[in-house]
Amino acid sequence: MRRRHELRAALGFLLPNLIGFGVFTAGPVLFSLAISISNWHLHRTVAFQWIALRNFVELLHDRDFWLYSINTAYLMLGIPVAIAGSLFLAIVLSQRLRGIVVYRTLFYLPTFTSGVALMLLWKALYNPEFGALNAAINWWLDSLHLNELVQALGGGGVSAPTWLLSTKNMLGLDVEQIRIIPGQWGLGARDALIIMGIWIAIGGNNMLLYLAGVSNIPPELVEAAQLDGAGRWAIFRNVTWPQLAPTTFFIVVMSFIGGLQGGFEQARVMTLGGPAGTTTTISYYIYTKAFEEFQIGYAAALSWVLFSAIFVITMINWRLGHKELHY
Amino acid sequence: MKVFFAITFCVLVLLSVVAWQMKPDPPPGKIPLVWVSDDNPARRQQIALFNQLHPEYDLRLDPRASTAGMEKVMLQSLAGVGPDVFDAYGPSELDAFVRSGIAWDITDELAKRGVDLEGEVWPAILPTGIREERVYGFPANVAVDAIWINKDLFDAAGERYPEGPWTWAEFIELAKRLNVRDARGRIKQFGFLCDWWQWPQFIMLFGGHIYSEDGTRCVIDSPEAIEAIQFMRDLMYKHHIMPTPVDEATMATMGGWGSGTITYFGAGKGAMALGGRWWLCTLRDYEGLNLGVVEIPHEEERIYRAYGRATIINRYSPRREDALNFLLYQAGKEYNDLINQQADALAAIVRYNYTPEFLHNPEHPEEDYNEVWRDVVKYGRSDDWSPFVNGQTAMRILNKQLDLVKSDQKPVPKAMRDAAREVNEEIAKTLEMDPSLRIKYYRLTGRERPE
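About the thresholds
- Residues numbered from 1 in each chain as written.
- Chains lettered and ligands numbered in written order.
- Predicted model: local features only at pLDDT ≥ 70, side-chain atom pairs only at ≥ 80, totals over all residues.
- Heavy atoms only, no water.
- Helix = DSSP H or I, 4+ residues; strand = E, 2+ residues; numbered from the N terminus.
- Rg over C-alpha atoms; globule rule 2.2 N^0.38 Å.
- Buried < 20%, exposed > 50% of the residue type's maximum accessible area, 1.4 Å probe, protein only.
- Contact = heavy atoms within 4.5 Å.
- Pairing = 2+ DSSP bridges.
- Axes fitted to C-alpha atoms, helices over the stretch in contact; angles between N-to-C directions.
- Patch = residues over 30% accessible without salt bridge, like charges linked within 9 Å, V, L, I, M, F, W, Y side chains within 5 Å.
- Areas by Shrake-Rupley, 256 points an atom, 1.4 Å probe, with all protein chains shown as cover.
- Salt bridge = Lys/Arg side-chain N within 4 Å of Asp/Glu carboxyl O.
- Lys, Arg positive; Asp, Glu negative; His and termini not counted.
- Charge placed at Lys NZ, Arg CZ, Asp CG, Glu CD.
- Buried area = accessible area lost by both parts, 1.4 Å probe.
- Domains from an automatic or database assignment.
- Polar contact = N/O pair within 3.5 Å; in protein donor to acceptor, adjacent residues only side chain to side chain.
- pLDDT = per-residue confidence, 0-100.

Of the regular secondary structure elements, chain B holds 20 helices and 15 strands. Taking 22 Å as the expected radius of gyration for a compact globule of 451 residues, we find that chain B reaches 24 Å, a close match to that expectation. Looking at the 451 residues of chain B, the share that counts as buried comes to 56%. Within chain B, residue pairs in contact and separated by at least 24 positions form 74% of the contacts whose partners lie at least 6 positions apart.

Further remarks concern the sheet that holds strand S6 (residues 137-139) of chain B. Residue and element names in this part refer to chain B. Reading across from one edge, S2-S1-S3-S14-S6 is the order of the 5 strands in this open sheet, with mixed pairing throughout. Each having just a single partner strand, strand S2 (57-63) and S6 make up the two edges of the open sheet. Ignoring which end each strand starts from, the neighbouring axes of this sheet average 25 degrees apart. Looking at chain direction, strand S3 (residues 85-88) and strand S14 (residues 310-313) are connected through 4 bridges and run antiparallel. Pairing of Val-85 across the sheet is with Ile-313, part of S14. The strands touched by helix H14 (residues 320-330) within the sheet are strand S1 (31-37), S2, S3, S6 and S14, with S14 carrying the most contacts at an inclination of about 165 degrees.

On the surface, B:Glu170, B:Glu224, B:Glu227, B:Glu299, B:Glu300 and B:Glu301 cluster together into a negatively charged patch. Following the sequence through the fold, B:Glu299 ends up in the loop between strand S12 (291-294) and strand S13 (304-307).

Let us now look at the sheet that holds strand S7 (residues 143-144) of chain B. All names here are of chain B. Taken in spatial order, the 3 strands make up an open sheet running S7-S13-S15, and their pairing is mixed. Each edge of the open sheet is held by one strand with a lone partner, namely S7 and strand S15 (380-382). The pairing of S7 with S13 spans 2 bridges and is classified as antiparallel. Directly across from Ala-143, in S13, lies its bridge partner Tyr-307.

Facing the 39 residues of chain B at the interface are 39 residues of chain A. At the boundary of chain B with chain A, total buried surface from both sides reaches about 3,300 Å², with 53% on carbon and sulfur atoms. The largest share of the area that chain B buries against chain A comes from B:Arg396, B:Lys400 and B:Met433, three residues that together contribute 19% of it. The interface formed by chain B and chain A holds 5 salt bridges in total.

Interface size is commonly expressed as the accessible surface area that is lost when the partners come together. Residues and elements named next belong to chain B. Along its sequence, chain B is organised into domain 1 (25-142 + 308-353) and domain 2 (144-305 + 383-440). Spacing between the C-alpha centres of domain 1 and domain 2 amounts to 28 Å. Facing the 20 residues of domain 1 at the interface are 15 residues of domain 2. Carbon and sulfur atoms supply 53% of the area buried between domain 1 and domain 2, which totals about 1,400 Å² over both sides. Here domain 1 and domain 2 share 2 salt bridges between them. With its nearest N and O atoms 2.6 Å apart, the salt bridge here joins Lys-440 to Glu-132. For the interface between domain 1 and domain 2, the tally reads 7 residue pairs in polar contact (both at pLDDT 80 or more).

This part covers the pairing of S13(B). All names here are of chain B. Both faces of S13 are covered, namely the face carrying Tyr-304 and Ala-306 and the face carrying Arg-305 and Tyr-307. Taken together, the 3 bridges between S13 and S15 define a ladder with parallel strand orientation. If you follow Ala-306 over to S15, its bridge partner there is Ser-382.

Turning next to the confidence of the model for chain B. Counting all residues, the mean pLDDT for chain B is 90, and 96% of those residues have values of 70 or more. Taken as a whole, residues 253-258 of chain B scores under 50 in pLDDT and shows 13 contacts with residues more than four places along the chain or in a different chain.

All names here are of chain A. One can find Gly-27 in helix H1 (residues 2-35). Accessibility expressed as a relative area gives 30% for Gly-27, which makes it partly exposed. Discounting chain neighbours no more than four positions away, the residues touching Gly-27 are Phe-21 and Gly-22.

Given below as structure tokens:
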């Protein structure tokens, strides 16, 4: 009798959450799965039909899908740098320094500042003519006489990148086809977004997680290593890093998920997916297909492909990462 | 603990009720109407005038962002929470609204009220309101671009003000003489300012088209269209009279109302600029600006791109009969005189542009060039569009190729060929998706319909 009473009370407490989850999460997810096998289009002249896997087959032949997948993957190149930066910053900020709370707050500032405001700020920084970044690069090029040097060596000269206006990139990826061409080598819009992403991520939640991880390392382990004569690097390599393995694993998994889902805000605010589609990621493509081209069914199929990719990559991370965890 | 949760729940319910009660209601006795349009001071005045002339209504603006407006209107309307009236900015947008089923066919309603759209409105703006001989949108204004000139900069350079008609060769030589460079050799004053998105204007001027006349094919790879885009590219990279993308970024162009090019021109950074009469809504704020207007240079073709807004009534609006009164207001003298007085482009109804107040606005006697605007509208042509492809999809494809041309990364002929091919592929995909379009397409092309 009492058990039933408790069960009823438990269900009563859980019900609001379950209703919310059902209506706003599970329901839409299942609905999107259903419409991914339909041709649902917001134009009424397109009659609704169930088309089985046709959207998914079409997607395989959609060159834009592959190009934008590459853009998404390219933008994720900043993840290792951001993680390393967060770790470094967490170790520095875990020291007993004067005013450490102020430093921690300052580094965390980009995380609780409006993303749109930050992006507009970075847009100004990337201005090829008056942006602070190019002003610094140009000053550096002039001071070291690099331009003259390269010209004297028979090169075409060196100039500061045009950042958000350029389709160039560090790997030399072509704009229209999946290939690498030397003419595309350089720094462009995609790299600009990576740099901005690293800046935002370094002092963000990853840093907080690492900070918590570092403070949880038993001090006796560090003291024992010191007694054994270990230097800073040896302590980091043999004590800190292994102790932070679970945190790193969590951060890597979450960063991959975030990276695969990311790019929408930046594209919407800074580049509108350009120049020439180079900053269009899968999430922005889903938005474009659904809400600008009104192909809801196709956009749902894209979403499920993205979900599958995230799921598979997370599973791989899990399998590989789990083995490396030492405790 | 149970009591705590129960109290919290009750407080939340209570707060929800309070919030519901605080929902802003229209003033008592007034019928609310919501209009989705771009937000600017001119629009606010147009609303105030309507509310003054029709005290039984409370018209409010739901601002539309320039890039994200259409989908918002469409989704809200289909979900039953859409605005009562909304604006379409071009034939392609009208088509999307009609095909999604949210645009109310007002042909019979207007006829009943004695409004003869085709007889009263500038022909160039009709495609923004009419689809397949049915009226869905009421043209709210019309714009045709011309060349703005900054007379002070001409005087400083010792140049005579140009007078139309004139040729591109004359224009280029003049613009070169009006370029002013700084000590480092960089151009600090351009001979000519023009937004890259004006490319359809140039295609028209060079006798080209984006789509074939029946809309069944993209023909942006025609020699005329290629020549037009090549000409635009050359204005930047060969003649150096128009800002490159880097120069444009320097101007911090953000697009839309009061965009970078207008403010740049207003600040005296360009001697000539391609723009419409609606630029005055911003340029009037620049004190001491001495302006003139001349028609766009042309060779054989004297066709200028016409554009503007058409106001559509939401088919699902419970107040659509009331919304008709707003459209009738747009057909009236007060509204059209206000449009002309504000310089929110030109009144869409022809006769209101033939008044002494239009030619000589007593509040702005320095604007002695209004006749030019009225003359060029006669040569206006609406944007090309195709019913067989989603306008936004086509624009995404075209803009990608044009981005590459603009940044000088791809030769114009190759870019235009690729653009035409990709848009035509998209047309094929649309036909596969939409049987009604397929029938229309095969009827137009005379081809056999495949099984």
